[in-house]
Amino acid sequence: MSVPAAPELTPASSATKSTYELFLFIAGSSPRSMVAWRNVEAICQQHLAGRYTLTIVDVAQHPARAAEEGLLGLPCLIKKHPGLVRRLVGDFSDQQRVLKALGLPAGQ
């Protein structure tokens, strides 16, 4: 599975609820990066359908972006909006932990 050269976006609707601005930093097409990508996509589709943008950043292709963000580990998910900036590192298989970091209730 190859990683796109350009960031990939999932369009957000113009719903009245806040749009989540998410960035997923990955290391190429490593197995851990691909698992993280799938997990984040699944969480977003299930809990934020139509209310998010997700930009995938491959640090192998865009190392300056990783330096700008001061990343300490990969894969790294950064929520920039709404609310406080949140950072998570891992494969995001613990859905409850990801939901809590995004400020979402488990039942949403």
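Computed from a predicted structure; not experimentally measured.

Glancing now at the pattern of salt bridges. One pass over the structure, following the stated rule, counts two salt bridges. The partner of glutamate 69 in a salt bridge is lysine 80, and the shortest N-O contact between them spans 2.7 Å. Here lysine 80 lies in strand E3 (residues 76-81) and glutamate 69 lies in helix H2 (residues 63-69), a separation of eleven residues in the sequence. Accessibility expressed as a relative area gives 30% for lysine 80, which makes it partly exposed. Between glutamate 69 and arginine 87 there is a salt bridge whose closest N-O contact spans 3.4 Å. On the criterion of sequence distance, the pair formed by glutamate 69 in helix H2 and arginine 87 in strand E4 (residues 86-89) is long-range, its members being 18 residues apart. Judged by its relative accessible area of 13%, glutamate 69 falls in the buried class. With a relative accessible area of 44%, arginine 87 lands in the partly exposed category.

Let us look at the sheet that holds strand E1 (residues 20-26). On the basis of which strands lie adjacent, the open sheet formed by four strands has the order E2-E1-E3-E4 and mixed pairing. The sheet terminates laterally at strand E2 (52-58) and E4, the two strands that pair on one side only. Direction aside, neighbouring strands of the sheet carry axes that sit 20° apart on average. Pairing analysis gives seven bridges linking E1 to E2, with the strands arranged parallel. Looking across to E2, one finds that isoleucine 26 is bridged to aspartate 58. Sitting on the sheet, helix H1 (residues 31-47) touches E1, E2 and E3, and the angle it makes with E1 is about 165°.

As for its placement among the helices and strands, serine 30 is situated in the loop between E1 and H1. Sequence-wise, serine 30 and proline 75 are 45 residues apart; in three dimensions their C-alpha atoms are separated by 9.9 Å. There is a polar contact of 2.9 Å between the side chain of serine 30 and the side chain of serine 33.

Right, let's get into the environment of leucine 99. In this structure, leucine 99 sits in helix H3 (residues 95-102). Among the residues examined, leucine 99 registers a relative accessible area of 0% and is labelled buried. When the C-alpha positions of leucine 99 and cysteine 44 are compared, they lie 9.6 Å apart, and in sequence the two are 55 residues distant. If sequence neighbours within four positions are ignored, leucine 99 has contacts with Ile43, His47, Leu104, Pro105 and Ala106.

Conventions used here
Residues numbered from 1 in each chain as written. Predicted model: local features only at pLDDT ≥ 70, side-chain atom pairs only at ≥ 80, totals over all residues. Heavy atoms only, no water. Salt bridge = Lys/Arg side-chain N within 4 Å of Asp/Glu carboxyl O. Helix = DSSP H or I, 4+ residues; strand = E, 2+ residues; numbered from the N terminus. Buried < 20%, exposed > 50% of the residue type's maximum accessible area, 1.4 Å probe, protein only. Pairing = 2+ DSSP bridges. Axes fitted to C-alpha atoms, helices over the stretch in contact; angles between N-to-C directions. Contact = heavy atoms within 4.5 Å. Polar contact = N/O pair within 3.5 Å; in protein donor to acceptor, adjacent residues only side chain to side chain.

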